[in-house]
Amino acid sequence: MDFSACAKVRWIQGFTNKDVYFVDRNTIGYPCGNYIYFLDLNSKKQTILHCPGRGVSVFTANGNSGIFAFSPRGLNPSIFVHSHPSLGLKNELAGSSSLDYISLALSDGGPYLVSCSSLPDYTITVWNWENATPLCQQERGGNSTCSLVFNPWNWLQICALDKSTLTVWNIERNGSLHVLKPCPVELPDADGAIVKRFVLSSHSVNEELCYYGPELPPSAIAGLKGDKTEDIVNKIFRKARVTPAVICWTATSHLYVGCKEGFLLLVDPEHLSVSILFDPKTSEVPQLKHGFQAFTLYKDHIIAVGKNDVIHELQIKGTQIKITKTWELACPVTTVLYSPNYETLLCTSDMGQIFTMNQNPTENVTKVLDVFCGDFVALTFSPTDKNICLTVRDPGQLQVWSTDGIILGSLSVQTKITSMACCPIANYVVLGTACGKVLFTDVRDPQQPRIVHQTHLYHTSVDHLVFDHDGHYLFTSAPDSYMYVLDPKPSSKFAVLGYTVLPSPSLTLSAQYIKESEQVKVLALCADSDKNYSRLLTLLSLPAEKLNEIPNSVDRNGGLSNNVLNLSKYEVPHLLTSCILGDNDIFAYCNNNSVQCFELPQHSDSSRSEQVIELNPKCEVKGHALGPASLSLSPQKSWLASLGRDGVLQIRRCASMEKCIELQCHSMCLTGVQLVSFSADGQTILTANTKDGSLVCTNLRMSEVANHQPTKYSKSSRGNLQSIVKNENSALGMLKWSEQVSMRKADDNKSSGSLPSIDVIKQDEKNYKALPHKTWLESRQEAIVKEDNEAFSETKENLRKRLKEIRDTIQEMMRENENVPEIERLDQKEFNLDEDEQTRLEAMIEEEVLKMKTESEWNILANYYLRDLIKRDHWDSMKVKGRSVKAFHSDCEVKNYPLKERTQQELEDLHRVEQMRKVEKAQCTNQKEEGKEDNVDIKSSFSFEFEHSSPYLYNQFEVQSREQRVNQIILLQDVIYQVKTAFNKEFDAAHKQKVYELKNIQQRNTRIKEIMTELDLHEEMWEPSLTTAEWPEMLLTVQDSEITAEKYLTPEQKEEQEKKELEEKRRLASKGDKARERALDSMMGGVLEVKKADILKLEIPPPEFVLTKPESEWIEEEKRIHKEYVKKSKELNEEKEKYRKAMETEMKKLQMATKEATEKFDEIPAKLFERKKKCEMAVYQEELKITYLLYSLLVEEELRNREAELKLKLEQLLRYKDDFAEEVVKYQDGVEQFRMAYDTIVAEDKDLDKEFRKEFSDVPSHFVDELYKLFKRRPRVQKMRAQTTKNPIPFKDPALCGSMAPDNLGKLLKAVEDMDSPQNMPENLNLFIWERFCIFRRNKIEKEHKVKMNALTLAEMQAFLQKRRKEERAVIDEIETISEELKRLHKVKNHFMVDLKIQVLLKGGQVQESDTELTVDYSNSVLLHRRVVEDLKKTIITLGEQKISTMVACKDFRKSIVRQEWENKVDKMHIEDLENKARDIQMLRISEEQQEYLNKTDTASRTSKQVTILEKTIAFQEKSHLKNVEHRKKKIKQLERQAALKSEKTSVLEVQRSDMEVTVSDIKHIHDRIATDDPSLKTEERYQEIVQRSMLKNLAQAQAEELSVLWAEVERLRTKNFPSLNQLQHH
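Residues numbered from 1 in each chain as written. Predicted model: local features only at pLDDT ≥ 70, side-chain atom pairs only at ≥ 80, totals over all residues. Heavy atoms only, no water.

**Student:** I'd love a proper account of the overall build of the protein chain, names of residues and values included.
**Tutor:** Tallying secondary structure elements over the protein chain gives 23 helices and 60 strands in all. For the protein chain, buried positions account for 38% of its 1627 residues. At a minimum sequence separation of 6, the contacts of the protein chain that also span at least 24 residues come to 56%. As displayed, the protein chain has an accessible area near 98000 Å², and 53% of this comes from carbon and sulfur atoms. (Helix = DSSP H or I, 4+ residues; strand = E, 2+ residues; numbered from the N terminus. Buried < 20%, exposed > 50% of the residue type's maximum accessible area, 1.4 Å probe, protein only. Contact = heavy atoms within 4.5 Å. Areas by Shrake-Rupley, 256 points an atom, 1.4 Å probe, with all protein chains shown as cover.)

**Student:** Break down unusual backbone geometry for me, with residues and values.
**Tutor:** Cis geometry is found at the peptide bond from Leu119 to Pro120, where omega equals 0 degrees. Mapped onto the elements of the fold, Pro120 is located in the loop between β11 (112-117) and β12 (124-128). In the segment running from Asp394 into Pro395, the intervening peptide bond is cis, with an omega of 0 degrees. Among the secondary structure elements, Pro395 is positioned in the loop between β31 (388-393) and β32 (397-402). Phi is positive for Ser481, close to 75 degrees, though the residue is something other than glycine. Structurally, Ser481 can be placed in the loop between β39 (474-477) and β40 (482-486). Phi at Phe494 takes a positive value of approximately 55 degrees, unusual for a residue other than glycine.

**Student:** Before we move on, could you go through the nonpolar core and cite the residues and values that matter?
**Tutor:** Considering soluble globular proteins, one finds that nonpolar side chains tend to be buried as a cluster. Phe15, Tyr30, Ile354, Leu649, Ile685, Leu686 and Leu695 are the most contacted members of the largest nonpolar core, which totals 43 residues. Looking at which element gives the most residues to this core, the answer is strand β56 (residues 695-702), with four residues. Residues in contact with Leu695, not counting those within four places in the same chain, are Trp11, Ile12, Gln13, Phe376, Leu379, Thr391, Trp401, Leu686, Thr687 and Ala688. Among the nonpolar cores identified, the runner-up in size contains 31 residues, and Ile976, Leu1168, Cys1175 and Ile1186 belong to it. (Core = buried A, V, L, I, M, F, W, Y, C linked by side-chain atoms within 4.5 Å.)

**Student:** Mind laying out the sheet that holds strand β19 (residues 255-259), listing which residues take part and the relevant values?
**Tutor:** Ordered in space as β18-β19-β20-β21, the four strands form an open sheet in which the pairing is antiparallel. Edge strands, defined here as strands with exactly one partner in the open sheet, are β18 (244-249) and β21 (273-278). Within this sheet the neighbouring strands show an average axis-to-axis angle of 25 degrees, counted without direction. Sheet topology note: the β19/strand β20 (residues 264-268) ladder contains four bridges and is antiparallel. Residue Leu255 lies in a different strand from β20, and its bridge partner there is Val267. (Pairing = 2+ DSSP bridges. Axes fitted to C-alpha atoms, helices over the stretch in contact; angles between N-to-C directions.)

**Student:** Explain empty space enclosed by the protein to me, using residue names and the numbers behind them.
**Tutor:** Summed over all chains, the structure comprises one cavity of 30 Å³ or more. A volume near 60 Å³ is recorded for the largest cavity. Looking at the largest cavity, the residues that line it are Gln287, Leu288, Lys289, His290, Gly291, Phe292, Ala304, Val305, Gly306, Asn308 and His312. When grouped by side-chain class, the residues that make up the lining of the largest cavity number four nonpolar, six polar and one charged. (1 Å grid on protein atoms, 1.4 Å probe; cavity = no way out; pocket = protein on both sides within 12 Å on 5 of 7 lines; lining within 4 Å. Points joined across faces, edges and corners; volume = space filled by probe spheres on them. Nonpolar A, V, L, I, M, F, W, Y, C, P; charged D, E, K, R; others polar.)

**Student:** Outline a positive patch on the surface, supporting the account with residue identities and numerical values.
**Tutor:** Residues Lys1529, Lys1530, Lys1533 and Arg1537 make up a contiguous surface patch of positive charge. Position of Lys1529 among the secondary structure elements: in helix α21 (residues 1499-1570). Judged by its relative accessible area of 47%, Lys1529 is partly exposed. (Patch = residues over 30% accessible without salt bridge, like charges linked within 9 Å, V, L, I, M, F, W, Y side chains within 5 Å. Salt bridge = Lys/Arg side-chain N within 4 Å of Asp/Glu carboxyl O. Lys, Arg positive; Asp, Glu negative; His and termini not counted. Charge placed at Lys NZ, Arg CZ, Asp CG, Glu CD.)

**Student:** Lay out the sheet that holds strand β8 (residues 78-83) in plain terms, naming residues and giving numbers.
**Tutor:** Here we have four strands laid out as an open sheet, ordered β6-β7-β8-β9, and antiparallel in their pairing. A single partner strand is all that each edge strand has here, and the edge strands are β6 (56-62) and β9 (89-94). Across the sheet, the mean angle separating the axes of adjacent strands is 15 degrees when strand polarity is ignored.

**Student:** Outline the pairing of β12, supporting the account with residue identities and numerical values.
**Tutor:** Counted residue by residue, β12 has five buried out of five residues, so it is predominantly covered. Burial along β12 is two-sided: Ile124, Val126 and Asn128 and Thr125 and Trp127, pointing in opposite directions, are all buried. Judged from the five bridges that link them, β11 and β12 form a sheet pairing that is antiparallel. Each bridged residue has a counterpart across the sheet, and for Tyr112 the counterpart in β12 is Asn128. Taking the residues that link successive antiparallel strands as the turn, the β11-β12 hairpin has six residues, and the phi of Tyr122 there is positive, at about 50 degrees. One ladder, built from five bridges, connects β12 with strand β13 (residues 133-138); its direction is antiparallel. Across the sheet, the residue bridging to Ile124 is Gln138, located in β13. Two successive antiparallel strands, β12 and β13, enclose a turn made up of four residues, where Ala132 displays a positive phi of approximately 55 degrees.

**Student:** Let's hear about a negative patch on the surface: which residues, and what values?
**Tutor:** Negative charge collects at one region of the surface, where Asp827, Glu830, Asp834, Glu835, Asp836, Glu842 and Glu846 lie side by side. Judged by relative accessible area, Asp836 falls into the exposed class, the value being 63%.

**Student:** So what's going on with the environment of Lys1109? Residues and values would help.
**Tutor:** By the secondary structure assignment, Lys1109 is in the loop between α13 (1104-1108) and α14 (1116-1255). Apart from residues no more than four positions distant in its own chain, Lys1109 is found in contact with Trp1114 and Glu1118. In this structure the side chain of Lys1109 is engaged in a polar contact, spanning 3.2 Å, whose partner is the side chain of Glu1118. (Polar contact = N/O pair within 3.5 Å; in protein donor to acceptor, adjacent residues only side chain to side chain.)

**Student:** Give a description of the packing of helix α10 (residues 962-1014) against α14 that names residues and reports values.
**Tutor:** Packing of α10 against α14 leaves a shortest axis separation of 9 Å and a crossing angle of 165 degrees. Taken together, the axis directions place α10 and α14 in an arrangement best described as roughly antiparallel. Crossing angle aside, the handedness with which α10 passes α14 is left-handed. Residues that form the contact of α10 with α14 fall into these classes: 28 nonpolar, seven polar and 18 charged. (Parallel < 35°, antiparallel > 145°, perpendicular 65-115°, else oblique. Left-handed = near helix turned anticlockwise from the far one by under 90°.)

**Student:** Account for the side chain of Thr1158, with residues named and values stated.
**Tutor:** With respect to the helices and strands, Thr1158 occurs in helix α14. Of the polar contacts made by the side chain of Thr1158, one reaches the backbone oxygen of Lys1155; its length is 2.8 Å. Aside from chain neighbours lying at most four places away, what touches Thr1158 is Phe888, His889, Ile1001 and Trp1022.

**Student:** Could you give an account of the pattern of salt bridges, naming the residues involved and the relevant values?
**Tutor:** Using the criterion set out here, one finds 52 salt bridges in the structure. Among the salt bridges present, the one from Lys804 reaches Asp808, with a minimum N-O distance of 3.3 Å. Taken together, the residues span about one helical turn, with Lys804 and Asp808 both in helix α7 (residues 793-819) at a distance of four residues. The exposure class of Lys804 is partly exposed, given its relative accessible area of 47%. With a relative accessible area of 35%, Asp808 lands in the partly exposed category. A salt bridge links Arg1200 to Glu1196; the shortest N-O distance between them is 3.5 Å. Of this pair, Arg1200 and Glu1196 both sit in helix α14, four residues apart, which is roughly one turn of the helix.

**Student:** Account for the confidence of the model for the protein chain, with residues named and values stated.
**Tutor:** Confidence in the prediction for the protein chain averages 82 pLDDT; 86% of positions are at 70 or higher. Note on residues 738-755: pLDDT under 50 across the span, and 24 contacts to partners over four residues away in sequence or across chains. (pLDDT = per-residue confidence, 0-100.)

**Student:** Which residues make up helix α6 (residues 776-791), and what values go with them?
**Tutor:** The first and last C-alpha atoms of α6 sit 22 Å apart over 16 residues, in line with the 22 Å expected at 1.5 Å per residue. Within α6, burial applies to Trp776, Leu777, Ile784 and Asp788. Angular distribution of buried residues about the axis of α6 spans 100 degrees; they occupy a single face of the element. Of the exposed residues in α6, the ones pointing more than 90 degrees away from its buried face are Lys786 and Glu790. (Expected span 1.5 Å × (residues − 1). Arc of directions from axis to C-beta.)

Here it is as structure tokens:
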């Protein structure tokens, strides 16, 4: 078959809502990928224009003239100007842009085009596209420009809109010379305030010096110089401005500007004035407060689009805005524009929709285009329906297209789709989502697609979905390397047949049905780690018959077994980015941008091969210039298509790949993923780019021989599958998974005018709300586990018990092993049942430990490094470390001055200055001797009091030059350093004193601890110490107590610690048992002589008989020994008490010494604190001097900056003035020359008038007069033009300009031809004379037209010259202004140099005037010495204190009188209380025992007698208690015997009770049967109860009376024994 084919674009679709324009009254155009798309709004006819280059960068059109222009992407692009509808190229404008153009605009007033280039120059260029010449250009003029718009009524004005500013560019002409002049518009602040531009050059220096020096502009303060100074200052100091969003020229050449903040502005380009028409904060029109998105003009109205879905027609009169019409749309509008005839209003949306409407808001809005905006994700042709193709866009929009490029229907699934495939045996499409679900969508009705089934397979995105060409299987893959095989038939409800695991995630997946072997082969390109290329190919083979009918085809988990799945691995020499499987070939795209073909080896597929087979390409051809590329194989496997990132579509014949067809379909610059797909007949290719939003359909035109095979293949394929498709479509219609939801939403969306959508996630939550989101494999595994648990539950339980027994046995054996001798003991490893597993776990743990250890070591090393850096920069570099001294008993704390070592440079500068000052002082001494007076210095700081003031310091009145100020700063810094050093010496002495005191306190505390130990006291002891602020070196050392974690010991440290423990055990064991030492320890505490300090521990043991015998049984010798014991104990106690008091006295003395020492030391920090305050004052005063000097140096630098800036500007202006003057002279010469030429033309015109009669001197006079009248007559061209043409713009004609002159001249000559007709010839005039007259008149008219045009040109040139002269005068005025400012600056500088700022120490004063008023009036105030006022205050205070003391004495005296009266009352009340107590004591009654106790005086004998009696009583009670116990024991035994007998009787009675209960029950039953109710019996029973109750009440009453009598008798007997008070006194 010969390779004879060509490719042609059939149609394109796509919309990016960018650069939409009318190209005529009914046709719109916009860029779409690599094409310009034209759409006729009436006939819906589509036309496309292929653009050269790598895509369309910018596009513009003019509907009035039918001209459109665009610029392609790429390096050094050109601008192409075409006409519509012929689409012919008018001209190519080759500009100087290095990269893309960012904006284009065409003028309504002539053949003019303006362009703005991008980086790096941002040049605005105005072109005459007819002759492809640039008229003028301005570099750096269009920085960040968003759009350019010509003034429709004056092409000499252009408005440039960027992100934050608005600029009007005026084109000024001088003959053939054109000049661009920018006029920036100052927009209002963000709050709506109108501000003026900050002009840097107008900031002049004030001659009057203020406290902080002269006022200077920000540029001088910042030190800015150059051309960008003014722009930088404006950006820094100006407030936030409103952000212009849209612009529109008005009929009066003004500008309407809509802002993002909601403001509507009116800009006058001539005067650059701005007025606010609409303020969203104060306006009463709430519909417009959402801001403005787009503008267009209609008559004196504005069509405005906000951020909502509403379009308003606004009528503006002055500052009043009125909404006259409103259109409501179904989506937000971003662009609005009128057709050239102002009959159709076009609106576009960023959702991919275009609407048209007319001026009647009640009529329906017409939807012209609805293609949805979004990046393409996947595309495919339908194998079953040759009339449709399908695409998927982000974020989940499925679109159904006809093969003619018309969208038939769409479905939004409300989730991100990642892949798509179309079934060859049924009209449905499969969608893979980012959440791992596979959605089956019915497309039998293209207008209403619906989801019929879903399967959850992955937790990640579904990357690939592939059918084999005959529809036996559906294959899926994802990044987790799992590949699932599904049954694609709707009759089987899309069952999952099984899965297999690929070696790695697949980059591409393709499948083919091999009819000869009846197998389905799947090819996967497995990725290398996370890379997008690989060399490993995996080929899987499955039988074409149903897998579920093959026995043992899958395992229990669903994995495909080796019985049905054959796997082969291949490796290729080069890295591949994509591949596709043919019949027996593999087509791949390599990483080196080449297309290769590999032939599969023939081998047996009966076994699973794990060996990797190397493949070599049988042919290789060059691919795309920019890869990688996407590959697609035609269904008949004869054509291979590839689409690379360069946007080029290449088509090759599979049998011979050397030749290819190339077609630039997409942009190269938008490097998105390329998508390509063949139709079922192989005659059409569908391509898309994921970034440019364009969908391109390409037809292949082949020869008849080449075309015969694909057609035959497609017919045979359709014939074989026709019956299957019919049956499966019927089964597909039976699925009702989401039909109700889809139809309901479709109906709702049809009523609302939007597309149907199904939220798969929400639908899934609704249907499976109670179930977790599990995949098919997880659900199957869970079911298997559940089934196994039910089937083997008993076996598992037995195994668990058996394992527990084995574990217990092994643990028992291990415990026994620990108790056997060491020679018989087994190693711990002998008990391991699975040593390999334990070794693996130990190795894993060791690896993890090593990893954590390594990380910890690196972290520690990093912390060490950080510690060393901080220590080096902030500790080691300090000569004097910062520390403090704190008082012991107060919060007083004094810090020293941390000082760094002065650098060598600082010391050298100080030495240099000192040597210089020595020389200067010597010179001053000589001047004094010569009689010259010296300036008197004044006291300026407290450093003189510290005697650390440098003798080399300048007098404050002498510091005038810059060098003197710098030297003074160096000397003052040395003074500060000396003051701090002197204070640090005093601080070090105080710090050493505190350390010494702390040592003494520590020694005293040691002795106090010993005393407290001897006295057994547990009082809290005060132990002061140095804090980290006082001794910061402690921060650099980490104590063991600060570490809370357990200390880690290395194996070496553990061995060393064990050795030390063994040595300690051996040392203790070597001591043995020494009887002498043990006896000494037990008797005398281990010493032979008792120290005085141990006296408190001595105790005299009592005699032995004291503990064993009562005192009554002691003999005389024992009594004597006891007396000696008592005497020695008393003496020992007295000795202990004396020693204790001595120890307590010593402890108090030590504590008092510590207190006195610390209190005495506390005076040192207090004095040091006062000294620190003085030093701080001195340091601050010297630093204030340095600050003044530095500020003066700074002001001097600013003055120099300002002077340099003005000089630079003056030089620039002078150069500009010279150059500009030369240009003005040149322009003036040109005007003069043109004036001379104009005068010549005017003279020639006048000569024609004079020569008229001479020319016709041979004509009779009456004919001459009549011809002269005709000679003076002129046609009315404008009036005739108004009658013959009708301007489509309904409110104003465009202004005529010089470019329209040839057209006007042609129309004038055409009108003259009507006047030259013989009908207008005078009667009887010769025709020859009339023709000569017509020629002469035509020359006259042409000459007059030339005069008029030259007059207009001369006027323009004169106006241009006048503007240049005005600019020259402005430059001269600016030069004079800058010169004056320079003079003023010099004067201020000299004044500042001599106006020194002096620091003087003054005593603190006080203002006694009231400051309630804003300004205090001191006219009636008196200035007194402060001492007078203070003395008066002291006198007033003294007198006041005396008066207060007198008043206090009077008050105290009165209080004493009141207190005395109160005390008298208290004493009287005490007397009354005592009398009452005495009376009560007299009446007190006591018992005989109490009387006896009070009468007896020998309490000791009485006590001993009572003790004796109590002892006897206790002995008797013990005997009786023992008897009672024996009696009780006998009684318990007797009771136990009785209880045994009772239990025997009870058991017998229990047996009898059961029989008696039966008998009683029978008798009761009989009684109930035969008994009758007798009322008399119940009455008798009730009477007996009443009588018994009455008797019991009488008995209780009698007993209560008897008890009351007995209680009265007891009380009488008790009071009878109480003695009286008189008896007590008598005894």
